[in-house]
Amino acid sequence: AGTQRARAGAQTSLHVPYGDGEGEKLDIYFPTDPSGTFPVLVYIHGGYWQCLSKDESGFAAPPLVSQGVAVVAVGYDTAPKGHMDAMVLQVRRSLAFLVERYSGIRGIYLCGHSAGAHLAAMVLSTDWTEYGVAPDIKGAVLVSGVYDLEPILHTYVNDALNMSREVAQRNSPMLCVTPAAPAAAACKVLVAVAQHDSPEFRRQSQEYGQALRAAGWSVSLLDLAGVDHFDIIEKLSEESYVLTQVREEFPSSL
């Protein structure tokens, strides 16, 4: 319902292909008044890498587009069709596509929930020289993310993913933290976790935030009271919640 309202109330380009794969499509919600250049919030959905889609990802758009921020909901091939290596590559390629296609972008902000926060964190570890672009990633809001995949190898979550230990390791943000380059040092990362998230989610958020900070990244940890793993993301659809967080964390750039 939130996505339907967002699509009805904004100038959109829906199902924009960024590659040849069936799931490689973006929904783009343009600012109400696109004045030549605009910041972009790229939202990567959760669903344990096997459910949900970009079609449920437009709920955060209305308060942002009204403030001059474009919102992009990223589609990717979920399991069992998609596998972990491919999903990480798809999300990275979606950003490269955006930078090449839309010259008006001035600053990218990543936002992901759960599995989407994992994929957003993997974007932060990207070697962009392989893609021939240099996205200006100014910030990332990582909400109740998974940053170490090994603990899920022997859970039901891996039934559809079918990850080996090697795949889990090379796609674990905790094991891919790169020293902050000058550009990365200017990228502010907000690692948010819910008060009622499981102890494992809370541990991983704490440890990943500390690992980023130790590598020179600018990191804030946000422990949100009174919410759990699922309703923390509903906060995103509350009028101006994300915008408030982004403005508080990144006041110089929006």
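The structure we're discussing is the one just above.
Now for a description of the structure that goes with this document.

Reading the values: rules and limits
Residues numbered from 1 in each chain as written. Predicted model: local features only at pLDDT ≥ 70, side-chain atom pairs only at ≥ 80, totals over all residues. Heavy atoms only, no water. Salt bridge = Lys/Arg side-chain N within 4 Å of Asp/Glu carboxyl O. Buried < 20%, exposed > 50% of the residue type's maximum accessible area, 1.4 Å probe, protein only. Phe/Tyr/Trp six-rings, centres within 6.5 Å; stacked < 30°, edge-to-face > 60°. Helix = DSSP H or I, 4+ residues; strand = E, 2+ residues; numbered from the N terminus. Pairing = 2+ DSSP bridges. Right-handed = clockwise from strand over helix to strand, strands pointing away. Axes fitted to C-alpha atoms, helices over the stretch in contact; angles between N-to-C directions. Expected span 1.5 Å × (residues − 1). Left-handed = near helix turned anticlockwise from the far one by under 90°. Contact = heavy atoms within 4.5 Å. Nonpolar A, V, L, I, M, F, W, Y, C, P; charged D, E, K, R; others polar. Polar contact = N/O pair within 3.5 Å; in protein donor to acceptor, adjacent residues only side chain to side chain. Core = buried A, V, L, I, M, F, W, Y, C linked by side-chain atoms within 4.5 Å.

## With respect to the pattern of salt bridges
So, point 1. Counted by the stated rule, this structure contains ten salt bridges.
So, point 2. Here D55 makes a salt bridge to K54, at a shortest N to O gap of 3.1 Å.
So, point 3. Look at D55 and you get partly exposed, because its relative accessible area is 35%.
So, point 4. Between K138 and D136 there is a salt bridge, and its shortest N-O distance comes to 3.3 Å.
So, point 5. Of the residues examined, K138 reaches a relative accessible area of 25% and is grouped as partly exposed.
So, point 6. The exposure class assigned to D136 is partly exposed, which follows from its relative accessible area of 40%.
So, point 7. It is possible to trace a salt-bridge network through shared partners that takes in D27, K54 and D55.

## Some words on the packing of aromatic side chains
So, point 1. Per the counting criterion, the structure on display carries five aromatic pairs.
So, point 2. Where F30 meets Y102, the ring centres are 6.0 Å apart and the plane angle is 65°; that geometry is what we call edge-to-face. Of this pair, F30 sits in strand 2 (residues 25-30) while Y102 is found in the loop between helix 3 (84-101) and strand 5 (105-113), placing the two residues 72 residues apart along the sequence.

## Regarding the pairing of strand 8 (residues 218-224)
So, point 1. Bridge analysis of strand 7 (residues 188-194) against strand 8 gives seven bridges, and the strand direction is parallel. Counterpart to A192 in the pairing with strand 8 is L222.
So, point 2. With respect to chirality, the unit in which strand 7 leads through helix 8 (residues 199-214) into the neighbouring parallel strand 8 is right-handed.

## Things to note about the pairing of strand 4 (residues 70-74)
Within a regular strand, the side chains alternate between the two sheet faces.
So, point 1. Summarising burial for strand 4: five of the five residues are buried, a large majority.
So, point 2. Burial of the side chains of strand 4 extends over both faces: A70, V72 and V74 are buried on one face and V71 and A73 on the other.
So, point 3. When strand 2 meets strand 4, the two strands line up antiparallel, connected through four bridges. What sits directly across from D27, in strand 4, is A73.

## A closer look at the sheet that holds strand 5
So, point 1. Reading across the sheet, the eight strands line up as 1-2-4-3-5-6-7-8 and stay open at both edges, with mixed pairing between neighbours. Two strands lie at the open edges of the sheet, namely strand 1 (11-17) and strand 8, each paired on one side alone. When the angles between neighbouring strand axes are averaged without regard to direction, this sheet yields 15°.

## With respect to helix 3
So, point 1. Between its terminal C-alpha atoms helix 3 stretches 26 Å, which fits the 26 Å expected from 18 residues at 1.5 Å a residue.
So, point 2. Among the residues of helix 3, M84, M87, V88, Q90, V91, R92, S94, L95, A96, F97 and L98 are the ones counted as buried.

## Section: the packing of helix 3 against helix 4 (residues 115-124)
So, point 1. Their axes nearest at 9 Å, the elements helix 3 and helix 4 cross at an angle of 65°. The handedness of the crossing between helix 3 and helix 4 is right-handed. Within the contact between the two elements, helix 3 uses M84, M87, V88, V91, R92 and L95 and helix 4 uses H118, L119, M122 and V123.
So, point 2. For the contact of helix 3 with helix 4, the class distribution of residues is eight nonpolar, one polar and one charged.

## Side note on the side chain of N171
So, point 1. Of note, N171 is situated in the loop between helix 6 (165-170) and helix 7 (182-185).
So, point 2. Within the structure, N171 has its side chain in polar contact with the side chain of D85 (distance 2.7 Å).
So, point 3. If we ignore the near neighbours within four places in the chain, the residues touching N171 are M84, D85, V88, H118, M122 and L149.

## A closer look at the side chain of Q90
So, point 1. Along the chain, Q90 turns up in helix 3.
So, point 2. Here D77 takes part through its side chain, which lies 2.9 Å from a polar atom of the side chain of Q90.
So, point 3. Once residues within four sequence positions are removed from consideration, Q90 is found in contact with Y18, E24, Y76 and D77.

## Comments concerning the nonpolar core
Nonpolar side chains in soluble globular proteins tend to be buried together.
So, point 1. Grouped together as the largest cluster of nonpolar side chains are 60 residues, with contacts concentrated most on V42, W49, L110, L124, L142 and V189.
So, point 2. Those residues in contact with L110, other than ones at most four positions away along the chain, are V42, L95, A120, V123, L124, I137, G139, A140 and V141.
So, point 3. Listed in part, the 21 residues of the second largest apolar core include A10, L41, Y109 and L190.

Such coordinate-based values are descriptive only and should not be taken to indicate function.
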